[in-house]
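Spelled out from the first residue to the last, the chains are:
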Amino acid sequence: MLELDKVSLSLDGEVFLNDINLTLKRGELNILLGPTLAGKTTLMRVMAGLDKPDRGSIRFDGESVLGVPVQERNIAMVYQQFINYPTLSVYENIASPLKVAGLDKVKIDSRVDQVAGLLRLEEFLDRKPNTLSGGQQQRLALARALVKEAELVILDEPLANLDYKLREELRSELPKLFAESGAVLVYATTEPSEALVLGGNTACMQQGRIEQFGPTLDLYRHPEALQSARTFSDPPLNTVTLNKGKEGLTISGTSQVINLPQQQLIAGKYTMGVRPHHLSLEKCSGIDIEVNGVVTVTEMSGSESFIHFNFNGNDWVALVHGIQNYYSGELVSFYIQPSNIFLFDALDRVRNHNSVEATK
Amino acid sequence: MASIKLHEIAHCYNAGKGTGVDYALKPLNQSWDNGGAYALLGPSGCGKTTLLNIISGLLRPSEGRVLFDEKDITDLTTEQRNIAQVFQFPVVYDTLSVAKNLAFPLQNRGLANDVIERRVAEVLQMLGMQAKANLKARGLNADDKQKISLGRGLVRTDVEAILFDEPLTVIDPHLKWQLRTELKKIHQQFQHTMIYVTHDQTEALTFADKVIVMYEGAIVQIGTPEELFEQPKHTFVGKFIGSPGMNVLPCELQGSDIVVNGNKIALGRPVSVSREDSKGLELGIRPEYVKLSADSGIPVDITGVEDVGKHIVVRSKFHNIDVNIILREGEDIPGNPGLIFEPSKINLYQHSYLVGTG
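How each quantity is defined
Residues numbered from 1 in each chain as written. Chains lettered and ligands numbered in written order. Predicted model: local features only at pLDDT ≥ 70, side-chain atom pairs only at ≥ 80, totals over all residues. Heavy atoms only, no water. Helix = DSSP H or I, 4+ residues; strand = E, 2+ residues; numbered from the N terminus. Buried < 20%, exposed > 50% of the residue type's maximum accessible area, 1.4 Å probe, protein only. Contact = heavy atoms within 4.5 Å. Areas by Shrake-Rupley, 256 points an atom, 1.4 Å probe, with all protein chains shown as cover. Lys, Arg positive; Asp, Glu negative; His and termini not counted. Charge placed at Lys NZ, Arg CZ, Asp CG, Glu CD. Axes fitted to C-alpha atoms, helices over the stretch in contact; angles between N-to-C directions. Parallel < 35°, antiparallel > 145°, perpendicular 65-115°, else oblique. Nonpolar A, V, L, I, M, F, W, Y, C, P; charged D, E, K, R; others polar. Buried area = accessible area lost by both parts, 1.4 Å probe. Salt bridge = Lys/Arg side-chain N within 4 Å of Asp/Glu carboxyl O. Polar contact = N/O pair within 3.5 Å; in protein donor to acceptor, adjacent residues only side chain to side chain. Pairing = 2+ DSSP bridges. Expected span 1.5 Å × (residues − 1).

A few words now on the overall build of chain A. Regarding its fold elements, chain A presents nine helices and 18 strands. Sorting the 360 residues of chain A into buried and exposed places 53% on the buried side. Taking the intrachain contacts of chain A between residues at least 6 apart in sequence as the baseline, contacts between residues at least 24 apart amount to 66%. When the accessible area of chain A is evaluated, it comes to approximately 16,000 Å², of which 48% is carbon and sulfur surface. Charge-centre separation for chain A: the mean point of 34 positive side chains lies 3 Å from the mean point of 44 negative side chains.

Quick look at the structure:
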């Protein structure tokens, strides 16, 4: 178990990590999700002992690891750039951490065979890394991390440099590969869709802070704050400002009333958030909320269409099934089930969490 | 803007060295219309960047001619071809401001200052970078620098074509959305001839009117996004496009029924396959067109469920063949599940090539 308590790190007045509190258990995949410069890599370096925080404590299985050099801790790291020993064969690359650990030849052989099998590298064992494709080279880097039986495995955007299809393949394999390892697994990504496929737990990061941490699907379905909802939305979350007044909840600057199931709200400004796939071209029930806008552009991907439109001065996008071609300037109406709406207050905290919960 | 014609083009990087021809790009003929938006899509090593570099003049093809508007430009340099290019990594002058970076290609063409100013202002607005116009490029983050590169590619209105080589690969997902949509709008507005190389299907399909799918140095299919999705001409295209890609199952034909491992699927339409050789038949069906039904259909074992928020990907096995199913958000997996294929969406392949469609 890896425990971070009130960990902060600043450099030249710039805050890189801001009061990080995290408990990561062995055998679970933990994802750090956030845009570039959110602090993901810095946090991983601090976990590994490559950088020292200004404040806070880091304990592994109850013991402080602050100040323990990285080579004295059993850690495996895989980066975006695949790093392998170019002069060694695939076999020797995988075997290298075991040789360093002083295992005997028979044990090394059997471990290498096992891991090479898992990562489908068996047929390349005699080859040099530079004769492999990018995907195979990254599999090799993963194999070295896996064979080591490290206690802490750090994967920093390991699939970012791979082809889309390869990424898709490795994404669904990775959780299985590390499932039985019993290590603390940390995986950084900028892509919400990657976090969802990987499952496990996710920490949404933004500007050196952890906005929210919990099981990945829970975070996706029940963001506590506007920022987590935004970080965890691909395509981007649609938002519009609402006003709570005498007429109830209305879209700012219009008289359109939004009827949400649970409305004990104080007067003031709110933000309504809707995921693109929750905008439908068809009305499903009488309580559906209608939004109208002017189409700016339509993108069609063969199976689905992204309809971009302007709604009350905001850029919105709807993700709908099939080929739906709308022209720029056309008027379009979408319908939203009230249970699919997130409502955030003036402090950007979610206000209708319970009604969202009720849908699932 | 120009139409682009590739006449008997082929390329091998080791031409003339030793024996045997090892084509990075196999011989092809191809015409691209003036004002079209095209994407070259394929896995790494498929030849898409080789093809782009032949069009831009960075690479001289070992065989064939390149024509812009019927004019042979094979021996012209990149500069002489009058094209704009945007690469995967930002190409900017760090010491110049954002506006000066954008003005640079126009100054090189000797345009008047007021024309340059007007055009730079337009591009700054397109990119949403008005507020940063006077900042030095050096202090900007990677996303902003790549935006400048895109802007430099778009700033000239007199180019024959604009070529993009994986321009959004290193950009954060949220900004990627914004820039991709912006490019689409720019194309609709100005109708530049645009060629866009990517390995990302979403980028290719949403950006282009026509997508050119490449595999092992050859073009395997050219089509609209809808054609590539509904009627992949080769099982490779079916698998490469879509997430997950098309399911492919070995099958036989009995009259107008398809038989998969003893399970009959009525197609309800005639299929023509050469009778002398009815071997190598495969059925292709997209996960979007497979349903799970309780106590009916082709019985399967469910091996995995991935809830990705907007939909659920169900992994199943049928006689050791993987079959993926996409369920909508909130849909449940029935007890004792069986596969039902939507008959009109079944494609039939022989030796990997499409022979019959829904």
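A separate point is the packing of helix 4 (residues 134-147) of chain A against helix 5 (residues 164-179) of chain A. Residue and element names in this part refer to chain A. Across the interface, helix 4 lies against helix 5 with an axial gap of 12 Å and an inter-helix angle of 10°. Classified by the angle their axes make, helix 4 and helix 5 are roughly parallel. Mapping the contact onto sequence places G135, R139, L142 and L146 in helix 4 and L166, E169, L170, E173, L174, L177 and F178 in helix 5. Classifying every residue of the contact of helix 4 with helix 5 by side-chain character gives seven nonpolar, one polar and three charged.

A word on the interface of chain B and chain A. Contacts between chain B and chain A engage 36 residues on the former and 39 residues on the latter. Together, the buried faces of chain B and chain A total about 3,200 Å²; carbon and sulfur atoms form 55% of this surface. Connecting chain B to chain A are three salt bridges. A salt bridge links E299 of chain A to R180 of chain B, with the shortest nitrogen-to-oxygen separation between them at 3.2 Å. Counting every contact that joins chain B to chain A gives 15 residue pairs in polar contact (both at pLDDT 80 or more). When contributions to the side of chain B that touches chain A are tallied by element, the ones reaching two or more residues are helix 6 (173-190), helix 7 (201-207), helix 8 (225-230), helix 9 (235-240) and strand 18 (301-307) of chain B. A total of eight residues in the side of chain B that touches chain A trace back to one element, the largest contributor, which is helix 6 of chain B. Taken together, the residues of the side of chain B that touches chain A break down into nine nonpolar, 13 polar and 14 charged.

So, on to the side chain of E191 of chain A. For E191 of chain A, the location among the structural elements is in the loop between strand 8 (184-189) and helix 6 (192-198). E191 of chain A gets classed as buried once you look at its relative accessible area, which sits at 19%. Look past the residues within four positions of E191 of chain A in its chain and what remains in contact with it is L33, R167 and R171 of chain A together with P173 of chain B.

Another aspect to go through is the sheet that holds strand 11 (residues 238-245) of chain A. Residue and element names in this part refer to chain A. Judged by pairing direction, the sheet is antiparallel, and its four strands sit side by side in the order 12-11-13-18 without closing on themselves. Edge positions in the sheet fall to strand 12 (248-251) and strand 18 (342-344), since each of these pairs with one other strand and no more. The average undirected angle you get between the axes of adjacent strands in this sheet is 35°.

Residues and elements named next belong to chain B. In this model, helix 5 (residues 142-154) (13 residues) spans 19 Å end to end at C-alpha, consistent with the 18 Å of a helix rising 1.5 Å per residue. Within helix 5, 12 of the 13 residues are buried, leaving the element largely enclosed by the surrounding structure. When we look at burial in helix 5, the residues that qualify are D143, D144, K145, Q146, K147, I148, S149, L150, G151, R152, G153 and L154. For helix 5, the secondary structure elements touched by its buried residues are strand 6 (83-86), helix 3 (98-108), helix 4 (113-127), strand 7 (161-165), helix 6 and strand 8 (194-198). Capping of helix 5 at its N-terminal end is provided by N141; its side-chain oxygen lies 3.1 Å from the backbone amide nitrogen of D143.

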